[in-house]
Structure formats: C-alpha cells, structure tokens
Amino acid sequence: MNEIMAVWAEWLKPSAGLPTVQWSILLAMAAIAGHLIQRYTGLPKVVGYSAVGAVAGLAGFSGAAWPLQGISLFLLELGVAVVLFEAGGRIPLRWFRHNPMVLVQSVLESLLTYFAVFWVLVWLEVPHVVAEALAIVAIVASPAVLSRVVLDTRASGPVTERAMVLATLGTLYALTWGSAKAGLMFRPSHPLTDTVYPVAVVLGLSFVVGAVLALALRSALRVMNPTSENTSMLLLALIAAGTALAAHFGGSAPLAALLGGMLLKQLNPRPWTVPRQLGTAASILTMLMFVLVSVVAARADWSAPVVTLVLALIGARALAKITGVALANPGSGASWRQALWLGCAMAPMSSVALLLVSQFVVSSPANGPMIARIALPAILLMEVLGAVITTLALYRAGESSKPWQSQVAPMPESRDSTGDRYGA
Amino acid sequence: MALEPFGNSAALSLGVELELQLVNTNDYDLAPYSDDMLRLMAKVPLPGSVVPEMTSSMIEISTDVCHSSSEVLGQLTQIRDALVKSADKLNIAVLGGGTHPFQMWHERRIYDKPRFRELSELYGYLSKQFTIFGQHVHVGCPDANTALLTLHRMSRYIPHFIALSASSPFVQAQDTAFDSARLNSVFAFPLSGRAPFALTWDDFSAYFDKMTRTGVVKSMKDFYWDIRPKPEYGTIEIRVFDTPLTVGRAAALAGYVQSLASWFMEDDPFMPTEDDYLVYTYNRFQACRFGLEAVYVDPATGEHTTLREHILATMAQVHRHAHKLNASAGIHLLRTSVEQGNNDARWLRERQTHERLLAEVVRQGAQKFRGL
C-alpha cells in the first residue's frame, strides 16, 4: 500500500497536501460502508466506519501517527470533547439525590472492572504497571459508540438513559485517574497517595476550563435560541478552543468538555438539544473519530499470547460490568432484566480508551508499547463488537423504536403493524 | 354480546381518570417509561389505580369512588405526589396537557397488552396518533333511565367542558390555532362523536343489540363517544376533557360536572330533545377552536352568545348545588379563570411566546403539575 501511496504522491500535488486527499477518500469510503452495513444488516453505521478504518490500518495506511500527535490528536480530542460535552449535559446531578443507587452502580461497576481486569492480567503474568494502566482503560465504556448506536436504532428508555449516564461517569473516572496516572508512569514505583495530587491537578484544571466553557454558553443561551444554527456553531467553536487550551494548561480536554456539559446542565435547567442541532458537522467529526481509532488500533500485534491477554481483558471487563450493575440494582428502580442489558450495553471501548493509551505511551517509553500491544486490539475489537452487543442489548431491552432488519429484505409481519415496519 | 345491566352506584358519586405524559428530562420528548412507572407505583399503597395506556409513554391514574370534588382532589394529590417521586427516581417527568407539544406520533410504541395490540391492528396509525391525554369524569346515577337523561342533558354542556379543560394547542411542534386540538384526533375514530338519542335503557339496549349484530362493536368499550353510559359502574362517563395541567383544575372540573348533574337530577331544569344535536357539532367545534372565546348556540332557543358568558351563567345556576356538594372552591377557581379569559391552552401559548422553545414549555408544564 505504501508503494501505491508513493507513486500517487509523485503524480499528484494537491493544494491541501496528500494526507487531506487520503483522509477525504477514506472518510468517503467509511460513509458508504456505514450506509451499506446499516442497510443490508441492520447493524449501526459505526460498524461500517470501524471496518473501513480497520481494513485501512491493516493494509498499512500511514495517515495517522502513533502515538497520537498533531492534528490527528486534536481532531480525536475534539470529537471526543463534543461527544462528552453532550453526554455530560445529560447528567442531572439531582437524579443521584433521588436515586443514589445509580451512582452506586456506576462506582461499583467501575471499581469491579478495574480490579477484575488488573487481577486477571497480573495472574497472566503481565507486569503490575501495565496491568494497572490497562485496568484503567477498561473502565471506559464509550459514550461515543453508545450515542451513535442510540441514534441509529432510535432507542430511548431506562436502559438507554442509564447506559449513557454510566458510560459518561465511567469515562469521568477513567480520564481523571488515567491522566493523573500517565503523569506518574515515568516513576518506577509510587505509593497510592502520590496519585492524589496529580488527580487533583487534572480534575481542577479541567474543571476550570469546563466552567469557563459552561459560563460562556450559559451567557450565550440567555440571548440565543438553543435550537439556532448559530448556537451550535458557537458551541463547536468554544469546545474547540477549550480542547486546545485544556491540554496546554495541564488538564484533560475531554474531561474539561465533560465537566463543562455537566455544569451547564446544572446552571441552565432549560432543555438542551445538542445532538439534533450539531447535525452533519458533528457526525463527520465522530465518523472521523471512529475511522481514526480503528486505523490506529488495527496496527496492533495479533500474536497468540496477545490474543489470549486481549480476550482475558475483554471477558473480565464484561463480567465485572454486568456484575457491578447487577449488585447495586436493587433499589435503583430497574428490573433484573434491564440490569443485564444495561451491563451488556456498556461493552464498547473506543476513542477515550485510545486517547488514554496514547497518553500512557507518550509518558512511559518503557511500558507504553506493552500497554498499547494489548490495548489496541482490545479497543478495535470492542469498537466493532461492542457496537453490535449494544445494539442487541437495546433491542432486547425493547428500547429501539424501529425493528432490527435489513431495509432491503422482505418485510416480515410485525406485531406492531402501525407503519413502523415501513419506516426508514 | 348483550348489554350488561346498569349497575348500582350512589347518585352523584364521582370517579376521575387522568391520562398523563411521561417525558425525559433531557429534551423533554415523550419517553417509554410506563412499565417502570407501574413497577415503582405498585410498591406504594395508594387509593385508586395506576394502569398503562395505549402507548408506552402514557400512564393513566384514577381515583376510587369519591363523594365530593375535595375528596377527588385529596386522592389525586396523593397519587400525584407518588408519581412525582417515582418519576424523580427514574429521572423522568410527569405532566398533564391534552397533547405533547412536539412529539412525533410515528416514534411511539404500542404498549404490549392484547387489547392495545388489537386496537393497533384495527386502527393502524390512528392508534399511535391516539397519544393524546384526556380526563374522564364518572358521575354516579341512581338508575339507568336517569343516567341516559343526565347524559343527554349534559351534552348541552360539552362545549363548557372542552373550553374549561383545553390544554392542547400544540401538535407536532405547531400551534394548531385550536385550544383543544386533541379532540380532532378522537374524531378520526369511526365510533366517536355523540351517543344515540335514547332516553330509556330499553331503547338504548335495542340500539346496542343492533350494533352488536352488525359485528362492528362487541362491548361498550368500542364506543368512543363524548359521553357514554358505563353500565358496570352505574355511571355516565364524560370524555371530552383535555387533561388539565394541575390536579387542582382536574378536581374542580369534576366538581362542576357533579354540580350540573345535581341540578339536572334534583331540579329537572329542561328536557333534552333530538334537536339539541343540531348545533352539537358546531358548538363543539367552536369550543375546540376558540376555547372560552367561542360562540355558543343555545340548542333550545337558537340564541347566540359567548361561551364564556354561558359558562358564567351556568355557574350561577348551579351555585346552590355546588355549595351543597362542597364543590364551591373548585367552581370559584374555574369562574376566576373564565372571568380572566384564562385556560391551560392560553397558559401554554403564553409560555411559548415567552420562551420560544416548546421543550421548555413542557419542562414548565411538568413543574406546574408538581404544584411548583
């Protein structure tokens, strides 16, 4: 593939540089694949995006540097920041006052995931530092994949809502802990108490950037309509600025956006409809994010020992998430069946996990490659498989408002024959 | 199937049903949480009942048999408080209103229950468009013939009920220019509208037998009339009310119905005739379209007046009965709103003019329902 690219580069001198052309064509192919996957299998579009990225990555496409840096890092951070801002804006803190068990579910599933993955990897003779980093990465359940699946399946209901909230909270813990941990990885060993200061710094700085973002938007919303196109553009521009600034100050850009979203929800109780208004711009950004993640993750080493470790990590993670959610389910207002599907819906790992791994690789040249060796295949696998599992879970929970079927296959008689079966 | 005999109930006893909306607290669109609400509400000892409705974003609450509107208010408040608590636990909101202002009917899911599935098979998309929210008021009648007489007398006051309860000006994110657009959805059903003019139970039974012989209906449930007899309860059921935004207004409306029924049963103020129905549909349309500002055509005299004046005149007529039934406070609430030209539809429009965001109107509607 690289030879073809070299010949092409000699022949073509595009105004914006060859990588722009390569990425544009890759995104076009991803868009087609996403559409066809959904049309012929009923699976969410994100599966198609990831598949195209994975094929490109496996074929040796070199359009994204690893560890992430420069424009690809910024675009990934921006994509994640947009998703997390919206996800943070869906978390009303008052809910935890009325239903503390949801918060307990979140803490429990995150802690169980961390310890289960850590112990399993240590048992498989992975060094402690590496197992610890991978356990932090495993906490993340991708709000980006979830929100795309929710959009594609037109799902709504208690499982969908809780999955989004638990995934967002898990991301909050993992980003805080992971960013702080990445700063300490150059040290050979350190006591647990040493992580308190960096956690406070990452959280504090991200909070400041998030608060500025939230306050700016709240002021804007006093005079601008939340459904206006200009409000969406303002939001995107402010998140981009916040993304660039947060990392510069030593905070975490995605964390700042997430905290900004949460804060705005508290400061501005008026309904906030980010996803509908950001429209195509945000969709392209998230598609780029999925392609980028799989391009990078596909470069992983797929040797037998790695595959065993990856499968062990994924298995322990899945079991821990389902158990954590189930243990705190009594009193949370959900049924056991919903708890099971909720645990399953949190399967995907994607962009946030990749960002964390990239951080670990940059901060620890010694352990970073080993972390990436296990994490990258796990991320790729769970981006695709996770999207499928989440889709299944939302359908099994009865929360999709359209039937799962290929849109070109003959329409079976549906029990609810009120026109939905002919829907898009 | 033969018409069941008219049951026993205490004259002027009351029962109220309210269909309510379940919305998420993110964009305030309808949310399919009825199963979860039913599961949580089943754990709370309450009067009345909480049951599912046609689509999974709806829930219906009802009182036990009450004897006064203040008792209705007490029960509705108790159920409302439990509903709000359950909704808080699920991170959703509950509210009244005849329509959800911007929900898309095709996104609704039929609640998984045999009767709703059957209706969905029969009525197609109409069943999802039936995601509208009404209040039903049952009034106890001492016997079947009195029930039918009261039903047809009550028909003259259908415009009153529509205008006083109207709370559905917005449909599919548009201002319909109607105060109660909800009833337009009901009109699409083939067995909607007015009940046949039968003043005796024998005549009504004969009509019912003829209808069942055609195979079009199987039970009284198949009739979607504005007012229908409910033989198993021994009541007549008035079904034209939009669900008000507060339980206080819902109880007040029940008190108004009860006072009218008391006036009919005790004073025999007039005899209904088939000709009353000459202007029925026109008056009904006027009330739906213009609310309290509607034109009211008196079926007996043909005189045109404003609906607002006619309601105030009726309230004066039933004053004695309202006082006797302990319904004066509710009637006073309604009278004040009529004098000020206010109903819930107007409140919703004013909120939208101010906020320019229907989702925010829904959020404020949910706060109003909580009593905030």
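In this text the structure is predicted, and so the values were computed from the model without any measurement.

**Let's talk about the interface of chain B and chain A**
Listed per partner, the contact involves 35 residues of chain B and 40 residues of chain A. Interface area, chain B with chain A, both sides summed: about 2,900 Å², of which 42% is carbon and sulfur. When the buried area of chain B at its contact with chain A is split by residue, Asn 26, Lys 89 and Arg 109 of chain B rank highest and sum to 23% of it. One can count 2 salt bridges joining chain B with chain A.

**Quick word on the environment of Tyr 157 of chain B**
Residues and elements named next belong to chain B. As for its position among the elements, Tyr 157 is in the loop between α5 (144-154) and α6 (158-165). Tyr 157 gets classed as buried once you look at its relative accessible area, which sits at 5%. Look past the residues within four positions of Tyr 157 in its chain and what remains in contact with it is Leu 260, Trp 263, Phe 264, Phe 270, His 310 and Thr 314.

**Points about the nonpolar core**
In terms of nonpolar packing, the biggest core is built from 119 residues, with Phe 161 and Ile 238 of chain B touching the most fellow members. Those residues in contact with Ile 238 of chain B that lie beyond four places of it in its chain are Gln 135, His 136, Val 137, Val 139, Met 154, Ile 158, Phe 161, Asp 226, Ile 227 and Val 257 of chain B.

**Describing the pattern of salt bridges**
Residue and element names in this part refer to chain A. As enumerated under the stated definition, the model contains 25 salt bridges over all chains in all. For the salt bridge of Asp 152 with Lys 45, the shortest nitrogen-to-oxygen distance reads 3.3 Å. Here Asp 152 is found in helix α8 (residues 143-153), whereas its partner Lys 45 is found in helix α3 (residues 45-58), with 107 residues between them in sequence. With its nearest N and O atoms 3.6 Å apart, the salt bridge here joins Arg 90 to Glu 86. Judged by relative accessible area, Arg 90 falls into the buried class, the value being 16%. A residue is classified by how much of its surface remains accessible, and Glu 86, at 11% relative accessible area, is buried. Connected through shared salt-bridge partners, Glu 86, Arg 90 and Glu 161 make up one network.

**Some words on the packing of helix α16 (residues 351-363) of chain A against helix α17 (residues 368-396) of chain A**
All names here are of chain A. For the pair α16 and α17, the least separation of the axes is 9 Å and the interaxial angle reads 165°. Classified by the interaxial angle, the pair formed by α16 and α17 is roughly antiparallel. The crossing of α16 and α17 is left-handed. On the side of α16, the interface is formed by Ala 353, Leu 354, Val 357, Phe 360 and Val 361, while α17 contributes Gly 368, Ile 371, Ala 372, Ala 375, Leu 376 and Ile 379. Among the residues forming the contact of α16 with α17, the class breakdown is 10 nonpolar, 1 polar and no charged.

**Let's talk about the packing of aromatic side chains**
Residue and element names in this part refer to chain B. For the structure shown, the criterion picks out 25 aromatic pairs over all chains. Taken together, a centroid distance of 6.2 Å and an interplanar angle of 35° make the contact between Tyr 207 and Phe 223 tilted. You can see Tyr 207 sitting in helix α8 (residues 201-214) and its partner Phe 223 sitting in the loop between α8 and β9 (224-225), a full 16 residues away along the chain. The exposure class assigned to Phe 223 is buried, which follows from its relative accessible area of 0%. Consider the rings of Tyr 207 and Trp 225, whose centres lie 6.2 Å apart with planes at 45°: the pair is tilted. Of this pair, Tyr 207 sits in helix α8 while Trp 225 sits in strand β9, placing them 18 residues apart in sequence. Here Arg 156 stacks its cationic end above the ring of Phe 270, 4.0 Å away from the centre of that ring. Positioned over the ring face of Tyr 277 is Arg 194, at 3.8 Å from the centre of the ring.

**Thoughts on helix α11 (residues 229-249) of chain A**
All names here are of chain A. Along its 21 residues, α11 runs 30 Å from first to last C-alpha, staying within 8% of the 30 Å computed at 1.5 Å per residue. Along α11, the positions that sit buried rather than exposed are Thr 231, Ser 232, Leu 235, Ile 239, Gly 242, Thr 243 and Ala 246. Axial view of α11: buried residues confined to an arc of 115°, hence all on one face. Seen from the buried face of α11, the exposed residues on the opposite side, beyond 90 degrees, are Glu 229 and His 248. Between the side-chain oxygen at the start of α11 and the backbone nitrogen of Asn 230 there is a gap of 3.0 Å, and the oxygen is on Ser 228. Looking one or two residues beyond α11, the residue adopting positive phi is Gly 250, at roughly 100°.

**Here we look at the pairing of strand β2 (residues 49-52) of chain B**
All names here are of chain B. Taken together, the 4 bridges between β2 and strand β3 (residues 58-62) define a ladder with antiparallel strand orientation. Bridging from a neighbouring strand, Ser 49 pairs with Ser 62 of β3. Counting the residues in the hairpin turn of β2 and β3 gives 5 residues.

**Here's the deal with the confidence of the model for chain A**
Residues and elements named next belong to chain A. A residue-level look at chain A finds 86% of positions with pLDDT of 70 or above and a mean pLDDT of 84. Element-level pLDDT for chain A is lowest in helix α1 (residues 2-11), with a mean of 64, against a maximum mean of 96 in helix α6 (residues 100-123). Confidence over residues 407-424 falls short of pLDDT 50; this stretch has 37 contacts with residues more than four positions distant or in other chains.

**Considerations on the pairing of β3 of chain B**
Residue and element names in this part refer to chain B. Taken across its 5 residues, β3 has 5 buried, putting it largely inside the fold. With burial as the criterion, each face of β3 is covered, one bearing Met 58, Glu 60 and Ser 62 and the other bearing Ile 59 and Ile 61. Relative to β3, strand β1 (residues 14-24) runs antiparallel, the two being bridged by 5 bridges. Paired with Leu 18 across the strands is Ile 61, a residue of β3.

**Looking at the state of the cysteines**
Tallied over the full model, the rule gives 0 disulfides over all chains. Sulfur of Cys 66 of chain B: no disulfide; nearest cysteine sulfur belongs to Cys 141 of chain B and is 16 Å away.

**Considering the side chain of Ser 110 of chain A**
All names here are of chain A. Structurally, Ser 110 is set in helix α6. Separated by 2.9 Å, the side chain of Ser 110 and the backbone oxygen of Ser 106 make a polar contact. Every residue in contact with Ser 110, bar those within four places of it in the chain, is listed here: Ile 139, Gly 170 and Tyr 173.

**Considerations on the side chain of Ser 68 of chain B**
Residue and element names in this part refer to chain B. By the secondary structure assignment, Ser 68 is in the loop between β3 and α2 (69-90). Given a relative accessible area of 13%, Ser 68 falls into the buried group. Reaching out from Ser 68, the side chain makes a polar contact with the backbone nitrogen of Glu 71 at a distance of 3.1 Å. Beyond its immediate stretch of four places on either side in the chain, Ser 68 contacts Leu 14, Gln 258 and Leu 325.

**A closer look at the confidence of the model for chain B**
All names here are of chain B. Summary statistics for chain B give a mean pLDDT of 93 and a share of 100% for residues scoring 70 or more. Mean pLDDT across the elements of chain B bottoms out in helix α4 (residues 125-129) (75) and peaks in α6 (98). Scoring of the predicted complex yields 0.89 for pTM and 0.86 for ipTM.

**Focus on the environment of Val 296 of chain A**
Note that Val 296 of chain A resides in helix α13 (residues 274-297). In this structure, the C-alpha to C-alpha distance between Val 296 of chain A and Gly 57 of chain A, residues 239 residues apart in sequence, is 6.3 Å.

Parameters at a glance
- Residues numbered from 1 in each chain as written.
- Chains lettered and ligands numbered in written order.
- Predicted model: local features only at pLDDT ≥ 70, side-chain atom pairs only at ≥ 80, totals over all residues.
- Heavy atoms only, no water.
- Contact = heavy atoms within 4.5 Å.
- Buried area = accessible area lost by both parts, 1.4 Å probe.
- Salt bridge = Lys/Arg side-chain N within 4 Å of Asp/Glu carboxyl O.
- Helix = DSSP H or I, 4+ residues; strand = E, 2+ residues; numbered from the N terminus.
- Buried < 20%, exposed > 50% of the residue type's maximum accessible area, 1.4 Å probe, protein only.
- Core = buried A, V, L, I, M, F, W, Y, C linked by side-chain atoms within 4.5 Å.
- Axes fitted to C-alpha atoms, helices over the stretch in contact; angles between N-to-C directions.
- Parallel < 35°, antiparallel > 145°, perpendicular 65-115°, else oblique.
- Left-handed = near helix turned anticlockwise from the far one by under 90°.
- Nonpolar A, V, L, I, M, F, W, Y, C, P; charged D, E, K, R; others polar.
- Phe/Tyr/Trp six-rings, centres within 6.5 Å; stacked < 30°, edge-to-face > 60°.
- Lys NZ or Arg CZ within 6 Å of the ring centre and 35° of its normal.
- Expected span 1.5 Å × (residues − 1).
- Arc of directions from axis to C-beta.
- Polar contact = N/O pair within 3.5 Å; in protein donor to acceptor, adjacent residues only side chain to side chain.
- Pairing = 2+ DSSP bridges.
- pLDDT = per-residue confidence, 0-100.
- Disulfide = S-S within 2.5 Å.

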